[in-house]
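# A look at the structure
Read off the chains here:
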Amino acid sequence: MSLAEQQESPRNEKLIEVEDLQLYFPIGKKGLFGGSEMFVKAVDSVSFDINRGETLGLVGESGSGKTTVGRALLRAYRPTGGEATFHTGDGPVNLITLEGKNLQKFRRHMQMIFQDPYASLNPRMTVRDIIAEPLEANNIEGLSKEQIDERVRETAALCKLNLEHLRRFPHAFSGGQRQRICIARALVGRPEFVVCDESVAALDVSIQAEIINLLQDLQKELNITFLFIAHDLSVVAHISDRVAVMYVGKIVEIGPTEEIFYRPRHPYTRALLSAVPRPDPDAEFEPERLTGEIPNPANLPQGCRFNTRCPMVTERCRMEEPDLRSFGEGHNVACHYAEQIVERFKA
Amino acid sequence: MMMTAETILSFENLDVSFKTDEGMIKVLDGVSFKLEKGRTLGLVGESGSGKSVSTRCAVQLNARNIRIGAGSRIVLTEQDGTQTDVLSLKPNSRKIRDIRGGEIGMIFQEPMASFSPVYTIGNQMVEAIRLHRDASKKQARELAIEMLRKVGISSPEQRIDQYPGELSGGMRQRAMIALALSTNPNVLIADEPTTALDVTIQAQVLDLMRSLQQELEMSIIFITHDLGVVSQVAHDIAVMYLGKVVEYGSTKEVLKNPQHPYTQGLLKALPNVDHLEDRLSPVGGDIPSPLERPTGCPFHTRCPQAISGLCASSMPAPTQLTDKHEVSCHLLTQQEAAS
C-alpha cells in the first residue's frame, strides 16, 4: 500500500489512542497501622490505538482485565493513570480528565452492548422507550419528539426489528431479538465508538452468526468503531481487523488478526489458540499444557507475569519484565523469546 | 435399534411435558438414545432442545410439575447386571437415591452453584462417599484426598479443608469431578461441564475426563452446545432440536457427513478460524417458543429445504443410513421412496 493510499483509507485514521492506561483498585492497607496501600492492578500500563471504522478484538482469560479496559475507556470507571485520547470531528478529547457536564455530553459518542440480553433490558419499558432512552435522557442532541420517533424507527429497521415490535415489552422476545434491541439502543444516538462486551456469548450458535453479521453490516453502514471483547477466539477472529491478547492486566501481543491467529509469537497466545477445540473429529487436538496458576493481580510475580505458567520460561523471565517489541505490520509482542517462537511454531 | 455393544443406559421413547399455568408444555417428544459401556455420548443442541431434561429424568431430578408419558422407559444396567427402569421408581425410594450420585454421577455447569459455600470440600466429599460406600470417616477422607490428587489438584491434603470459595474456577470444577467420581459411578452425566471455564482450563478438564474414563471404564453422557468440544470428547452424538433427536450416530459420521438440515446449518453457522473472510451463514429465524411448538417436524419453521405441505404436518420417522447413523428428515424418507 502506498503512502497516499494509506492516508486516504479511513482505516488508518486513529479514533482512540491509549497510552499507559492504568486502573488500580484499592483493597485496603497492609498491616494494622496503615502501612503501604495495596492495589489490584486490573489494568497495568496498557497502550493501543483503535482506527476509525475498524474492530479491535480483545481476548484473554477471565480476570485478565479486558472488561475493565472497555469500561475505563467509556469512563464507567475512572482510570488511575495514563492517557486516552478520543479524536472526534471537533478535535482530540482527553478521556481521562473529562468531568461533570462535559463528560455527560461526551457520553453519546461512546456506547456499550452487554453480554446478557435477558438482564440488560428493563422489563417494564416498551421496546420503543428502551431504544429512545439514550436520546431522551438529557436530550443532548435537542431533538423534538417527532425526530426522536423517526430516529427510533430508523434504527429499529437498521437492526432488523419489526416496527410493530416497538409497542411490546421485552419479555415477548427471544434471545436474538433482545440482543437486536440492545444493539438498537446502543446505536440510536449514532455513537462513533461502541464497546461490545461478550455481546454474542449468551446466544445460541445459530443466532450468534446472525448477530455477528448484523454488527458487521451496521459497522459498514454507520462507520462505527468497535472494541470487541470476547473469550471465544473463533468469534473474535471472525469479526476483528486487529486483535489484542491480554494476560493479567497487560497486553502481551497485539497485531492484525491473521498475524495473531496464523503467526502468534507469544507463548500465551499459542497456548490459547491450541486450546480451542475444532468441530472436526479428525483434527488433532493437542492443547499446550499450561501448568501453574494464574497469578493474583494484587501480588504479581517478578519479571514476566506469564512466567508461572510459561512452558519455555528461563531465568531471565523471572527477573526482567519484557516490553512490547515490534515485529512489523503493527505486530507487537511482549516476550523475550518472540523470535524463537515463530520458528518453533513452524516446525 | 442400531448399535449392538453393551448398553448401560437406554432412553426409550421419552415423552415429557411440564404442567404450567399456560398449559402443558411439551419438552421431549419420543426421544430415544443409548449409552454404551466405556463410551461417551455427546448430546448437542441449543437452549430448549431438551438435553438437560432428558438426562435429569435418569436420576429423577426434574421439577415436580413434570409429566412423563406412559410409554417412556429409561433402562439402567447396573454393575451386577440387573436392569432397572429408572422411571418406574418412586422419586424418594431407597433405590433411586442409591442410583443418584451412586450408580450415576453428575457434574453440572456452574461448580460454584453445585457446592455448598458453607462446608469445606472435604466435608461434602466425605458425606457423598459415606452415603454410597461402606467407609469410615477416616477411610472416606483418605479416598477423597486420593480423588482430589487424581484430578490434578496439588497438595490435596490442604485443599480438602478449604471452602469452595477459596478455589479458582478450574479447581472447583476439578473438585466437582472428584466429588462425582468418588462414589465410583458407572455412568457420568456431565451437563455443560466446561462451559463456564476458560479455554486453557477447559482443555485440561477435557483431558482429565478422557484419561479418567479410560482408567475407570466409565460411560459418559456429555451435554454441550459447543460442537468443537463434542467432536473432541464424544464417540457418538445425538443432535437435539426442540425435544426431538434429529440426527444420531458416530461423531465422525454426524460431523463429517451431516444429513439433517439442522446439523448442517449449525456446522455452517460456526465461525471458522481457517476462513476469516467468509461471511457467516446463520440458520434463519428464531427458535420457536416452547409454548408454540410447531406441528410436524419441529425444525420446519427454519428449514431452508422444507417441503411445503409435508414437513409442517407430519413428523418424519427416523431413517437408518448406516448402522451408525440415523436421521429424522422427510428429505431422506423421500429419497428412499424414490430409489
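Report follows, based on the coordinates. What you are looking at is a predicted structure, and each value in this text was computed from that prediction instead of being measured. (Residues numbered from 1 in each chain as written. Chains lettered and ligands numbered in written order. Predicted model: local features only at pLDDT ≥ 70, side-chain atom pairs only at ≥ 80, totals over all residues. Heavy atoms only, no water.)

### Points about the overall build of chain B
From N to C terminus, chain B includes 12 helices and 13 strands. Computed over the C-alpha atoms, the radius of gyration of chain B is 21 Å, within 12% of the 20 Å expected from 2.2 N^0.38 for a compact globule of 339 residues. Scored against the burial criterion, the 339 residues of chain B give a buried share of 55%. Counting only contacts in chain B whose residues sit at least 6 apart along the sequence, the fraction spanning at least 24 positions is 63%. As displayed, chain B offers around 14,700 Å² of accessible surface, 48% of which is attributable to carbon and sulfur atoms. Each charge class in chain B can be summarised by its mean position, and for the 34 positive and 39 negative side chains these summaries are 5 Å apart. (Helix = DSSP H or I, 4+ residues; strand = E, 2+ residues; numbered from the N terminus. Rg over C-alpha atoms; globule rule 2.2 N^0.38 Å. Buried < 20%, exposed > 50% of the residue type's maximum accessible area, 1.4 Å probe, protein only. Contact = heavy atoms within 4.5 Å. Areas by Shrake-Rupley, 256 points an atom, 1.4 Å probe, with all protein chains shown as cover. Lys, Arg positive; Asp, Glu negative; His and termini not counted. Charge placed at Lys NZ, Arg CZ, Asp CG, Glu CD.)

### As for the nonpolar core
Side chains of nonpolar character tend, in soluble globular proteins, to be buried together. Core analysis: the biggest nonpolar cluster contains 136 residues, and A:Ile131, A:Ile183, A:Phe228, B:Ile177 and B:Met209 have the highest contact counts within it. Counting residues in each nonpolar core, the second largest holds 36 residues, with B:Leu76, B:Leu89, B:Met106 and B:Val187 among its members. (Core = buried A, V, L, I, M, F, W, Y, C linked by side-chain atoms within 4.5 Å.)

### Thoughts on the interface of chain A and chain B
At the interface, 40 residues of chain A touch 45 residues of chain B. Counting each side, the surface lost to burial between chain A and chain B is near 3,700 Å², with a carbon and sulfur contribution of 55%. In this assembly, chain A and chain B are joined by 4 salt bridges. Its salt-bridge partner being A:Asp280, residue B:Lys256 comes within 3.1 Å of it at the nearest N-O pair. The interface formed by chain A and chain B includes 16 residue pairs in polar contact (both at pLDDT 80 or more). Of the residues forming the side of chain A that touches chain B, the biggest block, 9 residues, is contributed by helix 7 (residues 205-222) of chain A. Tallied by class, the residues present in the side of chain A that touches chain B amount to 19 nonpolar, 9 polar and 12 charged. (Buried area = accessible area lost by both parts, 1.4 Å probe. Salt bridge = Lys/Arg side-chain N within 4 Å of Asp/Glu carboxyl O. Polar contact = N/O pair within 3.5 Å; in protein donor to acceptor, adjacent residues only side chain to side chain. Nonpolar A, V, L, I, M, F, W, Y, C, P; charged D, E, K, R; others polar.)

### Re the packing of aromatic side chains
All names here are of chain B. Taken as a whole and judged by the stated rule, the model has 11 aromatic pairs over all chains. Look at Tyr-241 and Phe-299: their rings are 5.1 Å apart centre to centre, the planes differ by 85 degrees, and that puts the pair in the edge-to-face class. Of this pair, Tyr-241 sits in strand 10 (residues 236-241) while Phe-299 sits in the loop between helix 11 (261-269) and strand 12 (319-322), and the two are 58 residues apart along the sequence. Assessed through its relative accessible area of 2%, Tyr-241 is described here as buried. Judged by centre distance (5.1 Å) and plane angle (65 degrees), the ring pair of Tyr-262 and Phe-299 falls under edge-to-face. (Phe/Tyr/Trp six-rings, centres within 6.5 Å; stacked < 30°, edge-to-face > 60°.)

### Looking at the side chain of A:Lys66
Residues and elements named next belong to chain A. By the secondary structure assignment, Lys-66 is in helix 2 (residues 66-73). For the buried residue Lys-66, which engages in no salt bridge, the nearest side chain bearing the opposite charge is Glu-198, 4.5 Å off. Polar side-chain contacts of Lys-66 include one of 3.5 Å to the backbone oxygen of Glu-61. Ignoring sequence-local partners within four residues, the contact set of Lys-66 consists of Leu-58, Val-59, Gly-60, Glu-61, Glu-198, Ile-229, Ala-230 and Met-246.

### Here's the deal with helix 7 of chain A
Structurally, the α-helix is built with 3.6 residues per turn, so residues lying three or four positions apart point the same way. Residues and elements named next belong to chain A. Look at helix 7: 26 Å from first C-alpha to last across 18 residues, which is about the 26 Å you get at 1.5 Å a residue. Judged by how many residues are buried, helix 7 sits mostly within the fold: 14 of 18 residues are covered. With its phi angle positive at about 55 degrees, Asn-223 sits one or two positions after the end of helix 7. (Expected span 1.5 Å × (residues − 1).)

### Some remarks on the pairing of strand 9 (residues 242-247) of chain A
Residues and elements named next belong to chain A. The element strand 9 is largely enclosed, with a buried count of 6 among its 6 residues. What you see with strand 9 is no split at all: Arg-242, Ala-244 and Met-246 on one side and Val-243, Val-245 and Tyr-247 on the other are buried throughout. Here 4 bridges tie strand 3 (residues 55-59) to strand 9, and the two strands are oriented parallel to one another. Looking at strand 9, one finds that Leu-56 is bridged to Arg-242. With 6 bridges connecting them, strand 9 and strand 10 (residues 250-256) associate as antiparallel partners. From the neighbouring strand, Val-245 faces strand 10, where its bridge partner is Glu-253. Joining the antiparallel neighbours strand 9 and strand 10 is a turn of 2 residues, in which Val-248 adopts a positive phi near 40 degrees. (Pairing = 2+ DSSP bridges.)

### Observations concerning the sheet that holds strand 6 (residues 110-113) of chain A
All names here are of chain A. Spatial ordering of the open sheet is given by 6-7-8-3-9-10-12-11, a layout of 8 strands whose pairing is mixed. The two strands at the open ends of the sheet, each matched to only one other strand, are strand 6 and strand 11 (325-326). Contacts from helix 2 reach strand 3, strand 6, strand 7 (193-197), strand 8 (225-229) and strand 9, with the element oriented near 150 degrees to strand 8. (Axes fitted to C-alpha atoms, helices over the stretch in contact; angles between N-to-C directions.)

### Notes on the sheet that holds strand 13 (residues 325-327) of chain B
Residues and elements named next belong to chain B. Taken together, 8 strands build an open sheet; the order of strands is 7-8-9-3-10-11-13-12 and the sheet is mixed. Each edge of the open sheet carries a strand with a single partner, namely strand 7 (104-107) and strand 12. Direction aside, neighbouring strands of the sheet carry axes that sit 20 degrees apart on average. Packed on one face of the sheet, helix 11 meets strand 10 and strand 11 (244-250) and runs near 100 degrees to strand 10.

### What about the environment of B:Ser281?
With respect to the helices and strands, B:Ser281 occurs in the loop between helix 11 and strand 12. For the pair B:Ser281 and B:Leu267, spaced 14 residues apart in the sequence, the C-alpha separation amounts to 9.5 Å. In this view, B:Ser281 contacts A:Ala209, B:Gly265, B:Lys268 and B:Ala269; residues no more than four positions away in its chain are not counted.

### Here's the deal with unusual backbone geometry
Residue and element names in this part refer to chain B. At Asn-13, a residue that is not glycine, the phi angle is positive and equals roughly 50 degrees. You can see Asn-13 is positioned in strand 1 (residues 7-20). Within the chain, Gln-60 stands out as a residue other than glycine whose phi angle is a positive 50 degrees. Tracing the backbone shows Gln-60 in the loop between helix 1 (51-57) and strand 4 (66-68).

### Structural notes on helix 6 (residues 175-187) of chain A
Its 13 residues place the ends of helix 6 of chain A 18 Å apart at the C-alpha level, agreeing with the 18 Å of an ideal helix rising 1.5 Å per residue. Burial within helix 6 of chain A is extensive, with 13 of its 13 residues counted as buried.

### Topic: the environment of B:Cys311
Residue and element names in this part refer to chain B. With respect to the helices, strands and loops of the structure, Cys-311 is situated in the loop between helix 11 and strand 12. Given the relative accessible area of 7%, Cys-311 is considered buried. Sequence-wise, Cys-311 and Leu-208 are 103 residues apart; in three dimensions their C-alpha atoms are separated by 43 Å. Residues in contact with Cys-311, not counting those within four places in the same chain, are Thr-295, Gly-296, Cys-297, His-300, Ala-306 and His-330.

### Concerning the pattern of salt bridges
All names here are of chain B. Using the criterion set out here, one finds 42 salt bridges over all chains in the structure. A salt bridge links Asp-161 to Arg-141, with the nearest nitrogen and oxygen atoms 3.1 Å apart. Of this pair, Asp-161 sits in the loop between helix 6 (156-159) and helix 7 (169-181) while Arg-141 sits in helix 5 (residues 137-150); the two residues are 20 residues apart in sequence, bridging distant segments of the chain. Put simply, Glu-215 and Lys-150 hold a salt bridge, and the shortest N to O gap is 3.3 Å. Here the residue Glu-215 occupies a position in helix 8 (residues 199-216), and Lys-150 occupies one in helix 5, the gap between them amounting to 65 residues. Overall, the relative accessible area of 49% leaves Glu-215 in the partly exposed class. We classify Lys-150 as partly exposed; its relative accessible area is 30%.

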